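Reading the structure
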Amino acid sequence: GISQNNFLAMEAYLDSVLWIVIVAFIISFVLSFGIGANDVANSFATTIGAGVLTLRQACFLASIFEVSGAVLLGYKVSDTIRKGILDISLYEGAEKELMLGMLAALTSCAIWLLVATFLKFPVSTTHSVVGATVGFGLVARGTQGIQWNKIIAITLSWIISPILAGLISVAIYLLIYKFILRARRPFNACLIALPIIWGLVIFINILGISLDGSKCKLIFVII
């Protein structure tokens, strides 16, 4: 068991880092505000511009689905940031330093997102937090403190994802153009295609949550 001296030492240590947890909790809300403001603009700009949704409706829907996405699919991303970028074994015995570094990365990312949003720059939160974490790792432990294989994989995904998304978008548009817009009765063709498209989108999202979602998905499975 844990001796009384060890327990007291652990309690004293936890008290010494409690302020970091509290400040990080507050900064997380600021970061969430920046993420919501910037990401909602990226996601709903075309919808609002087309007049499909009003600004109030977009903010309402985004409040629901941004939170749902973070809860259901954010686990993998946060787990990668937590231990996939840095070699955390180098911080054994220096956990407080790691906490301070993560707090610095969190704060810098929050400031950058607020500045970018104010200047109307559509930026990536993932790019920002990954860059901030790498910056802290380089300062604290040098190049040996970074898991470069993971960084290369993340960087490649940033390059490959927009290319694949563009190709898939072109393919979907060509299908819509041929079988809906150029159909003899476009409205009827749209009524037939719309449930299929919705079903496909819902299926892909459920598949992603099932295969790569957080443990919170068990709550919804039980319900």
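Preceding this paragraph is the structure being described.
Presented here is a report on the structure given in the accompanying data block. Computed from a prediction, not measured in an experiment: that's the story for all the values here.

1. Focus: the overall build of the chain
A count of helices and strands for the chain gives seven helices and zero strands. The N-to-C order of helical and strand elements in the chain reads α-α-α-α-α-α-α. Taking 17 Å as the expected radius of gyration for a compact globule of 223 residues, we find that the chain reaches 22 Å, considerably beyond that expectation. A principal-axis box enclosing the C-alpha atoms of the chain has dimensions of 80 × 40 × 35 Å. Each of the 223 residues in the chain was classed as buried or not, and the buried ones make up 22%.

2. Some thoughts on helix α2 (residues 55-83)
The principal kink in α2, of about 65°, is found at Gly74. Listing the buried residues of α2 in full gives Ala58, Ala62, Leu72, Asp79, Thr80 and Ile81.

3. Examining a nonpolar patch on the surface
Residues Leu138, Trp148, Ile152, Leu156, Ile159, Ile160, Ile163, Leu164, Leu167, Ile168 and Ile172 make up a contiguous nonpolar surface patch of roughly 1,000 Å² in combined accessible area. Sort the elements by how many residues they give to the nonpolar patch and helix α5 (residues 148-181) lands first, with ten residues. Within the secondary structure layout, Ile159 lies in helix α5. The exposure class assigned to Ile159 is partly exposed, which follows from its relative accessible area of 48%.

4. What to know about the packing of α2 against helix α6 (residues 186-212)
Look at α2 against α6: their axes get within 10 Å of each other, and the N-to-C directions meet at 50°. Relative to α6, α2 is oriented oblique. Crossing of α2 against α6: the hand is left-handed. Counting all contacts with α2, which are made through Leu72, Leu73 and Lys76, the residues of α6 involved are Gly208, Ile209 and Asp212. Taken together, the residues that form the contact of α2 with α6 break down as three nonpolar, one polar and two charged.

5. A look at the nonpolar core
Counting residues in each nonpolar core, the largest one holds 24 residues, and the members touching the most others are Leu31, Ile85, Leu86, Val130, Val134 and Ile151. Those elements giving two or more residues to this core turn out to be α1 (4-49), α3 (95-118), α4 (125-141) and α5. Sorting elements by how many residues they give to this core places α3 first, with seven residues. Filtering out sequence-adjacent residues up to four positions away, Leu31 remains in contact with Leu106, Cys109, Ala110 and Leu113. Ranked by size, the runner-up nonpolar core spans five residues in total, among them Val40, Leu53, Ala58 and Ala62.

Rules behind the numbers
Residues numbered from 1 in each chain as written. Predicted model: local features only at pLDDT ≥ 70, side-chain atom pairs only at ≥ 80, totals over all residues. Heavy atoms only, no water. Helix = DSSP H or I, 4+ residues; strand = E, 2+ residues; numbered from the N terminus. Rg over C-alpha atoms; globule rule 2.2 N^0.38 Å. Buried < 20%, exposed > 50% of the residue type's maximum accessible area, 1.4 Å probe, protein only. Bend = angle between axes of the 7 residues up to and from the residue. Patch = residues over 30% accessible without salt bridge, like charges linked within 9 Å, V, L, I, M, F, W, Y side chains within 5 Å. Areas by Shrake-Rupley, 256 points an atom, 1.4 Å probe, with all protein chains shown as cover. Salt bridge = Lys/Arg side-chain N within 4 Å of Asp/Glu carboxyl O. Axes fitted to C-alpha atoms, helices over the stretch in contact; angles between N-to-C directions. Parallel < 35°, antiparallel > 145°, perpendicular 65-115°, else oblique. Left-handed = near helix turned anticlockwise from the far one by under 90°. Contact = heavy atoms within 4.5 Å. Nonpolar A, V, L, I, M, F, W, Y, C, P; charged D, E, K, R; others polar. Core = buried A, V, L, I, M, F, W, Y, C linked by side-chain atoms within 4.5 Å.

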